[in-house]
Amino acid sequence: MNRFRRGAAALLLAVTLPLPLAAAGTAVAAPAPPAAPAAPAGSPAAPAAHTRLELPRPTGPYAVGRDTLPLTDTHRRDPWVPSAGPRELMASMYYPAHPGTGGARAPYMTTEEARLLLEGIQLTDALPPGQLAATRTHARTGARAIGGKHPLVVLSPGFTLNRATLSLLSEELASRGYVVALLDHAHESFGTTFPGGRTLTCVACDTVRQAPEDTQRKLMAKVATGRAADISFVIDTLTAAPGRHHAPAWRHSAMIDPKRIGTAGHSIGGNSAASAMAADRRIRAGVNMDGSFFAPVPRPGLDGRPFLMLGGLNGHAPGDEDTSWLRDWRRLDGWKRWLTVRDAGHFSFIDLPVLGAQLGVTDPHAPLSGKRSGEITRDYVTAFFDQQLRGISRPLLDGPSAANPEVIFQKP
């Protein structure tokens, strides 16, 4: 049991990094996770296998549908394995749907993806891959989409992490009336399964890990700008009008409003959101969740477009070692907020702490509860997109609130 507790706690810690990169708050591939202390006294004694993991229920008025969409950009070669041919992506497409429609609940991830994720952070003996893969979701396959035009938000996960780790936020946004394209970028996660059962592993992880420190930073900037190109390609694909000789890339593409597009991401995915905005004026708003800006925001800014920086207080407050946040905060030239969360860690803005809490585990280095981690991410990110893409005033973004004492509004 103690072995399980130590392993499950480590699941909520960032993977081991060279110190300068670790200080920058960006998870990169690593040979092993740091040692984790035993779980606090009073943790549940039930074995992991007896716990059914489940995402929190979305709070919006709509049911959620989900499709899975493989995409190939034939105009670019894979940046990590050129011999593999064109750049490949996997997208989970979430959308607002009519309640009571659709088939089974959408799977969280494949068992092979779960195995590779747990293997990548050396926790295969702590949590069965099948149990993680079977995490209960709320989106349903084949659900009937609601009518009308809806904003599109493109999401990008952290380096090494499968796109499933942003499922909670994706389901929440869809339940609030957004279309969400949640991406996996080929060869940048421990494992991504493509149609036919083909699973690609993290070639980029090995490339970054084996490089000298100064080269690592350049490679992480390459990840961010490459993903920015992926985001623009996905927008092209989803918003293209159907032609005489081809069908829309996605069966519900007509529900996307091409004039209301945002992007967000965790870790390097957050840096990618800023890079995508810099390169693509169609993107009206962006969010960086605890990611260092390896690829800087351009000196002239983002043409006045709004941007939210949401991160942990310990690591992304003004004066911390990751100076990229202060540098790029000064370059942001539109509506902007810099929010830091007390007791949060690098993974506090994704699904892992929420699922870890269901196992009775709290990371002692990031004691914010899994429940609050999920609520804060859900509430602030959706409030930002409501205000910036839908024109709905959200006082939550105006300043500190008694309901969210953990959230600090930084004004350097």
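Residues numbered from 1 in each chain as written. Predicted model: local features only at pLDDT ≥ 70, side-chain atom pairs only at ≥ 80, totals over all residues. Heavy atoms only, no water.

Novice: If you had to explain the overall build of the chain to someone new, which residues and values would you point to?
Specialist: Of the regular secondary structure elements, the chain holds 12 helices and 11 strands. In the chain, of all internal contacts separated by at least 6 residues, the share reaching a separation of at least 24 is 75%. By element, 54% of the accessible surface of the chain is carried by carbon and sulfur atoms, the whole surface being about 15,600 Å². (Helix = DSSP H or I, 4+ residues; strand = E, 2+ residues; numbered from the N terminus. Contact = heavy atoms within 4.5 Å. Areas by Shrake-Rupley, 256 points an atom, 1.4 Å probe, with all protein chains shown as cover.)

Novice: Now, about helix 10 (residues 324-331): what can you tell me, with residues and values included?
Specialist: All of the buried residues in helix 10 are Ser-324, Trp-325, Asp-328, Trp-329 and Arg-331. Taken around the axis of helix 10, the buried residues stretch over an arc of 160 degrees, which confines them to a single face. On the buried face of helix 10, the contacting elements are strand 8 (283-289), strand 9 (307-312), helix 9 (313-316), strand 10 (336-341) and strand 11 (407-410). (Buried < 20%, exposed > 50% of the residue type's maximum accessible area, 1.4 Å probe, protein only. Arc of directions from axis to C-beta.)

Novice: Could you give me a rundown of the pairing of strand 4 (residues 179-185), with the residues and numbers involved?
Specialist: Of all the seven residues making up strand 4, seven are buried; the element is thus mostly covered by neighbouring parts of the structure. What you see with strand 4 is no split at all: Val-179, Ala-181, Leu-183 and His-185 on one side and Val-180, Leu-182 and Asp-184 on the other are buried throughout. One ladder, built from six bridges, connects strand 2 (residues 86-97) with strand 4; its direction is antiparallel. Bridge assignment links Met-93 to a residue of strand 4, and that residue is Ala-181. As defined by bridge partners, strand 3 (residues 150-156) adjoins strand 4 across four bridges and the pair is classed as parallel. In the strand pairing of strand 4, Leu-152 is matched with Val-179. Where the polypeptide runs from strand 3 across helix 5 (residues 167-175) and back to strand 4, its parallel neighbour, the crossover connection is right-handed. (Pairing = 2+ DSSP bridges. Right-handed = clockwise from strand over helix to strand, strands pointing away.)

Novice: Mind laying out the environment of Ala-133, listing which residues take part and the relevant values?
Specialist: By secondary structure assignment, the location of Ala-133 is in helix 4 (residues 129-133). Taking the C-alpha atoms as reference points, Ala-133 and Glu-112, 21 residues apart in sequence, are found 8.4 Å from one another. Excluding its chain neighbours within four sequence positions, the residues that come into contact with Ala-133 are Tyr-108, Met-109, Thr-110, Thr-111 and Ala-114.

Novice: Outline unusual backbone geometry, supporting the account with residue identities and numerical values.
Specialist: At Thr-160, a position not held by glycine, the phi torsion is positive, near 80 degrees. Within the element layout of this structure, Thr-160 appears in the loop between strand 3 and helix 5. A relative accessible area of 2% means that Thr-160 is categorised as buried. A positive phi angle, near 65 degrees, is found at His-187, a position not held by glycine. Turning to its location among the elements, His-187 is positioned in the loop between strand 4 and strand 5 (192-194).

Novice: An account of the sheet that holds strand 8 is needed here, citing residue identities and associated values.
Specialist: Ordered by their spatial adjacency, nine strands build an open sheet running 1-2-4-3-7-8-9-10-11, and the pairing between neighbours is mixed. Looking along the sheet, the strands with just one partner apiece sit at the ends: strand 1 (63-77) and strand 11. Each adjacent strand pair in this sheet contributes to an overall mean axis angle of 20 degrees, direction not counted. As paired elements, strand 7 (residues 256-266) and strand 8 share six bridges and run parallel to each other. What sits directly across from His-266, in strand 8, is Met-289. Sitting on the sheet, helix 5 touches strand 1, strand 2, strand 3, strand 4 and strand 8, and the angle it makes with strand 2 is about 45 degrees. Contacts from helix 7 (residues 213-239) reach strand 1, strand 2, strand 3, strand 4, strand 7 and strand 8 within the one sheet, and its direction differs from that of strand 1 by about 115 degrees. (Axes fitted to C-alpha atoms, helices over the stretch in contact; angles between N-to-C directions.)

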